[in-house]
Amino acid sequence: LWGELWDELQEMAWYVRIVFLSYVVFALMVLVNTITSFICSLQSTVSKRERDVLIDNEIDYNERLVRQLYTIFKDFDQNGNGAISWAEFQLALEDERMLAFLNALELDMSDAVKVFQILASEKTGSIEESNFLLGCLRLRGGATTVDMVAMQMEQEWMRGALLQMKGLMHTAIGDLKAVQHTLERKSLWGESDSRFAQQSNFNRQASAIARQGTQGRRQESKQSSVSSSSDEPIHTYERTNLKTFERAMTLEQLKIISQKLDRWCRGWTDAFTGAVVSVAKVNLHQFSYHHSLPRTAPPDGVLLQWPASLVKDLPDVGSTVFQTCPHMKLPRASGKVISAETANENGMNMLTLCVQLVQGQFRGNEEEEVSIGDFELPAREMTVTARNSISYKELLSSEACSPVWYCSHWWGEPVRDFVNCCQEHANVRRLGDQGSYWVCGYANRQHELDQEIAEDVMQTSFFAALKASRGLLLILDEDATPFSRIWCDYEVYSAVMNPNMELDLVISLNMHGRQEAKIITRNLVPGESAVAKLAREQDFPIFLLDRGLQVCLEKGNSTMERDKISIFQAIAQSKELESARGKEQLQRNLARANQTLHSTLAILAWPQAMNKNLLPKNAKGLHAGKLNVCDALLNDTFRESLDLSLAHYDESCADSAVKALAESLPPCLVNLKLSFEGCVRITDVSLQALTARL
């Protein structure tokens, strides 16, 4: 075709032939580029698909490998306690098929002792599931380039550290020689050298004083810059529509309070004793009195009202107002008058003061006096109104936060100890900084408690938060004070009666000069073995639980008597407590509540009581210096199930301990689950004692 066209063009002008040739060349170039582009695109697509296939194959291989390792772990863990002991490890490696399978996975088990030492946890002395999986993945195959480079970098760092230590040693030796030389001169030259030494010492002291002065000025400048920013609000004042149970605190927010506490509490004194309060000892009562109550009060002021007949003149704006209490060194509350007026309300002439709260909280219906300038008014005739107040949680954040854990505590423990307990609990439970804790002091609007706490316990903010939480965290102090508070006892009882609710106990203790939190849990923590639980709880002071074994809900303390009555009505499931039927229901349900609390705490304390030889030899009766866990468990006539693990208490779990347990089993028990894994001292005597009791 191209040839025929060219022949026809021979009779035309020469430039027509040039145009034709240019067209042909351009068409060929377009065709070649199109083919090249298609081939490159096809190659790129194939290459990307191959890369995706390789990635998918690698992911599938790793997933299969993890599943195989998990299966191997289950085969090693013959007693199913979530950890591999040395005996189980040895027994599994005696199987030739297991060795062949491990070799196929490129896992060298020729030196079993060394492999076990590498994989085992230092705390438990056994191999946990996570340690096994990660350790085996690292042990597979030979050393990689990354491993070699990492080892080389570590060796270079060690070499540098050794050289630095060598230099420090040379310097120290030189200083010692100088001291020795000075002592020799002193012995030879006597008093003259003594004067020289004194002059040198004086020069050194002068230099030190100069350095301290410079550092002091730097610290003062830093403190001044810090103090200038210490009054900055954490969050803007905003009243939200959040329900009370949605005002839980994240761990991050609790840590912010702990970190800023040393700025806020300068000059704080205890309202009851008048003593200066240190940062480490600031409790929630003091924190509320000096900080949270003034900041969560309405910015427009708190309204105080009296009958106008009690005063002749209006108080001056700017006057100081304070409510005195005979049992407190500081005023119950104090503030400044913003405005004062008299008005007719419901046919009665009333004096209304708008007061900016400075500290504490004004309370009406109290046999106390309120001082305003030069005159005093009775608090019993005062009406307090705090419209549009907020909770401390709303001051920190306006975002909803549903509770995962409900904190049961009293307000007397230090705030930093409280935060330390929550932080350690979050570490054990692997919650992270976003783990949420419902704390009544931060969640409730303290100036409007009548809207948060109803007469019916089931309608209170406490019950709504408890119902929405996954577990209850009981925070104890060194006196186990929460066990003497009826609200705390009722909250623990509610958690115990809910089979789907976790129960953890925590306390902050002074261990070798620093605060450490110790936790004991009713159940295993997710991902935790029985061996790890044993190691974690061995330092928990179980003598604190002895206070809980003596709890009687009817004798519990409460700040307000109406709270006690409301709790009794909830326990009795009747509001007619004075009727014969109401009294009978209250006594029966109180007995059940007390027995359930006692037996639950006894089960929590039993393993450690056995391990520390605190079990009485005979189950019945009181025993000095022993935990009364036997009676507490035996006297629970309502308990139908018991699940207790004494696994790996190989030294303390003997026939005598099992016999004491058998004698303490509740009389109405239907379901019994006991674990004695690794308890090699148990004989047929223990089985006979359990069989005879059942």
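Here is what the cut-offs are and how they apply
- Residues numbered from 1 in each chain as written.
- Predicted model: local features only at pLDDT ≥ 70, side-chain atom pairs only at ≥ 80, totals over all residues.
- Heavy atoms only, no water.
- Pairing = 2+ DSSP bridges.
- Helix = DSSP H or I, 4+ residues; strand = E, 2+ residues; numbered from the N terminus.
- Patch = residues over 30% accessible without salt bridge, like charges linked within 9 Å, V, L, I, M, F, W, Y side chains within 5 Å.
- Areas by Shrake-Rupley, 256 points an atom, 1.4 Å probe, with all protein chains shown as cover.
- Salt bridge = Lys/Arg side-chain N within 4 Å of Asp/Glu carboxyl O.
- Lys, Arg positive; Asp, Glu negative; His and termini not counted.
- Charge placed at Lys NZ, Arg CZ, Asp CG, Glu CD.
- Buried < 20%, exposed > 50% of the residue type's maximum accessible area, 1.4 Å probe, protein only.
- Expected span 1.5 Å × (residues − 1).
- Contact = heavy atoms within 4.5 Å.
- Axes fitted to C-alpha atoms, helices over the stretch in contact; angles between N-to-C directions.
- Right-handed = clockwise from strand over helix to strand, strands pointing away.
- Phe/Tyr/Trp six-rings, centres within 6.5 Å; stacked < 30°, edge-to-face > 60°.
- Core = buried A, V, L, I, M, F, W, Y, C linked by side-chain atoms within 4.5 Å.
- Parallel < 35°, antiparallel > 145°, perpendicular 65-115°, else oblique.
- Nonpolar A, V, L, I, M, F, W, Y, C, P; charged D, E, K, R; others polar.

### Overview of the pairing of strand β6 (residues 333-345)
Inference 1: Direction of pairing for strand β5 (residues 320-324) relative to β6: antiparallel, over a ladder of four bridges. In the strand pairing of β6, F322 is matched with S334.
Inference 2: Note: β6 against strand β7 (residues 348-360), twelve bridges, orientation antiparallel. When the bridges of β7 are listed, G335 appears paired with L357.

### Concerning a negative patch on the surface
Inference 1: Residues E4, D7, E8 and E11 make up a contiguous surface patch of negative charge.
Inference 2: Note that E11 resides in the loop between α1 (2-9) and α2 (14-76).
Inference 3: A residue is classified by how much of its surface remains accessible, and E11, at 76% relative accessible area, is exposed.

### Quick look at helix α19 (residues 561-572)
Since there are 3.6 residues in each turn of an α-helix, residues three or four apart along the chain are aligned in direction.
Inference 1: Between its first and last C-alpha, α19 extends 17 Å over twelve residues, near the 16 Å set by a 1.5 Å rise per residue.
Inference 2: Here α19 lies mainly inside the structure; nine of its twelve residues are buried.
Inference 3: For α19, the complete set of buried residues consists of D563, K564, S566, I567, F568, Q569, A570, I571 and A572.
Inference 4: The secondary structure elements touched by the buried residues of α19 are α16 (486-497) and α20 (580-611).

### A few points about the sheet that holds strand β4 (residues 302-307)
Working definition: the strands of a sheet are paired by backbone hydrogen bonds and lie parallel or antiparallel to each other.
Inference 1: Taken in spatial order, the seven strands of this open sheet run β9-β8-β5-β6-β7-β4-β10, and their pairing is antiparallel. With partners counted over all chains shown, the strands left at the sheet margins are β9 (375-378) and β10 (383-385), one partner each. Direction aside, neighbouring strands of the sheet carry axes that sit 35 degrees apart on average.

### Quick word on the pairing of strand β11 (residues 405-408)
Across a regular strand the side chains alternate sides, sitting on one face of the sheet and then on the other.
Inference 1: Every second residue of β11 is oriented toward a common face, with W405 and C407 on one face and Y406 and S408 on the other, all of them buried.
Inference 2: Direction of pairing for β11 relative to strand β12 (residues 436-438): parallel, over a ladder of two bridges. Its bridge partner lying in β12, Y406 is registered against W438.
Inference 3: Remark: the β11/helix α12 (residues 415-429)/β12 crossover connection has right-handed handedness.
Inference 4: With four bridges connecting them, β11 and strand β13 (residues 471-476) associate as parallel partners. Along β13, the bridge assignment pairs S408 with L474.

### Re the packing of aromatic side chains
Inference 1: Inspection of every chain in the model, using the stated rule, returns ten aromatic pairs.
Inference 2: With a centroid separation of 5.9 Å and 40 degrees between ring planes, the pair formed by Y392 and Y442 is classed as tilted. Here Y392 is found in helix α11 (residues 392-396), whereas its partner Y442 is found in helix α13 (residues 440-443), with 50 residues between them in sequence.
Inference 3: Considering the side-chain rings of Y406 and W438, the 5.3 Å spacing of their centres and the 15 degrees angle between planes classify their relative orientation as stacked. Of this pair, Y406 sits in strand β11 while W438 sits in strand β12; the two residues are 32 residues apart in sequence, bridging distant segments of the chain.
Inference 4: When its relative accessible area of 1% is taken as the criterion, Y406 is described as buried.
Inference 5: Following the ring pairs from residue to residue traces out a cluster consisting of W264, W268, F287, Y392 and Y442.

### So, the side chain of Q585
Inference 1: Tracing the backbone through its elements, the reader meets Q585 in helix α20.
Inference 2: Ignoring anything within four residues of it in the chain, the contact list for Q585 reads A572, Q573 and S574.

### Looking at the sheet that holds strand β15 (residues 514-521)
Inference 1: Judged by pairing direction, the sheet is mixed, and its six strands sit side by side in the order β3-β12-β11-β13-β14-β15 without closing on themselves. What marks the edges here is a single partner per strand, and that holds for β3 (249-250) and β15.
Inference 2: α16 contacts β11, β13 and β14 (502-511) of the sheet and is inclined by roughly 145 degrees relative to β13.

### Side note on a nonpolar patch on the surface
Inference 1: On the surface, L28, L31, I35, F38, I39, L42 and V46 cluster together into a nonpolar patch covering about 690 Å² of accessible area.
Inference 2: Here L31 is to be found in helix α2.

### Observations concerning the environment of T269
Inference 1: In this fold, T269 is placed in the loop between α9 (251-264) and α10 (284-296).
Inference 2: Overall, the relative accessible area of 18% leaves T269 in the buried class.
Inference 3: Residue contacts for T269: discarding those within four places in its chain leaves G274, A275, V276, V277, H290 and L330.

### Here we look at the pattern of salt bridges
Inference 1: On inspection of all chains with the given rule, the structure shows 13 salt bridges.
Inference 2: Between E502 and R429 there is a salt bridge; the shortest N-O distance is 3.7 Å. Taken as a pair, E502 in strand β14 and R429 in helix α12 lie far apart in primary sequence, 73 residues in all. Each member of the pair, E502 as well as R429, carries the same accessibility label: buried.
Inference 3: In this structure, K533 and E537 form a salt bridge, with 2.9 Å as the shortest nitrogen-oxygen distance. With a gap of four residues between them, K533 and E537 both fall in helix α17 (residues 530-537), about one helical turn apart. E537 carries the same exposure label as K533, and that label is buried.
Inference 4: Salt bridges sharing common partners tie together R514, E516, K518 and D539.

### Details of the nonpolar core
Inference 1: The biggest cluster of nonpolar side chains holds 76 residues, and the ones touching the most others in it are L472, F483, L505, W606 and V629.
Inference 2: Ranked by residue count, the leading element in this core is α20, at twelve residues.
Inference 3: Apart from the residues lying within four places of it in its own chain, the contact partners of L472 are W405, Y406, S408, L466, E491, V492, A495, M501, E502, L503 and D504.
Inference 4: Core analysis: the second largest hydrophobic core is formed by 34 residues, Y392, F418, I475 and I519 among them.

### Examining the packing of α19 against α20
Inference 1: Interaxial distance between α19 and α20 falls to 8 Å at its minimum, and their mutual angle equals 85 degrees. Compared by their axis directions, α19 and α20 come out roughly perpendicular. Each of F568, I571 and A572 in α19 lies in contact with α20, whose residues at this interface are G582, Q585, L586, N589 and L590.
Inference 2: Tallied by class, the residues present in the contact of α19 with α20 amount to five nonpolar, three polar and no charged.

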